[in-house]
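# A closer look at the structure
Residue strings, one per chain:
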Amino acid sequence: MTGLVEGPDGRPRCGWCAAAPEFFDYHDREWGYPVVDDQRLFEKLCLESFQSGLSWRTILSKRENFRAAFAGFDFHQVARFGEADVARLLQDAGIIRHRGKIEATINNAARACEMVEAEGSLAAFFWRYEPGEEPAVTPQSRSVSPASQAIAKELKKRGWKFLGPTTIFAFMQAMGLINDHAEGCAMREVSEAARAGLKRPA
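About the thresholds
- Residues numbered from 1 in each chain as written.
- Predicted model: local features only at pLDDT ≥ 70, side-chain atom pairs only at ≥ 80, totals over all residues.
- Heavy atoms only, no water.
- Buried < 20%, exposed > 50% of the residue type's maximum accessible area, 1.4 Å probe, protein only.
- Helix = DSSP H or I, 4+ residues; strand = E, 2+ residues; numbered from the N terminus.
- Contact = heavy atoms within 4.5 Å.
- Phe/Tyr/Trp six-rings, centres within 6.5 Å; stacked < 30°, edge-to-face > 60°.
- Lys NZ or Arg CZ within 6 Å of the ring centre and 35° of its normal.

### Observations concerning helix α10 (residues 165-174)
- A large share of α10 lies buried, amounting to eight of its 10 residues.
- Taken together, the buried residues of α10 touch α1 (23-29), α2 (38-51), α8 (122-127) and α9 (146-157).
- Remark: G176 follows α10 within two positions and exhibits a positive phi of approximately 75°.

If you want it as structure tokens, here you go:
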């Protein structure tokens, strides 16, 4: 998992990119770059929740379908979904038709609205948990962290669903709250530069 593979340009990439051709583009353009946009953060939380028990390749291939089904992950809109929307989504072959996860997404949209009201933004809440100086940890050598456990605990307390510490850790990796690119990966320094230049949300 922590090994390297050769990318399309001949430079090394994180080993997990070898699992599917489309992973290289996702890895190079998105994974590990810091995100402070609330809608993108909410989308990733939802997609990571849907991924639970499945492969990321399955979710990535359906991402545009998910966006269409869930109003572009505008949580203000999704929070207003009702039983008719649940029934519609359960018939949508373009997404994962799991009632529990669909209902959790709608619930979490309402909780996201509450969080923005209380915290100012989702970004302000999540970036508060950005780890400080930690003992050296080999990238991609763990699936949970103290920060992901703390976030999952707080989200559960606030009524969010289907977001345990492993799911939250994957969210943190993808959204750049940590730089978990493998040592030697061509994108590790690019990701770190983006993190260094980021204006953290207040």
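Let's pick the thread back up.
### Structural notes on the packing of aromatic side chains
- Applying the stated criterion across every chain, the model contains 14 aromatic pairs.
- Consider the rings of W16 and F23, whose centres lie 5.8 Å apart with planes at 65°: the pair is edge-to-face.
- Relative accessible area serves as the criterion here: at 13%, W16 is assigned to the buried category.
- Ring pairing ties together the aromatic residues F42, F50, F66, F70, F73, F75 and F81, which thus form one cluster.
- Over the ring of F81 we find R88; its NZ or CZ atom is 5.4 Å from the centre of that ring.

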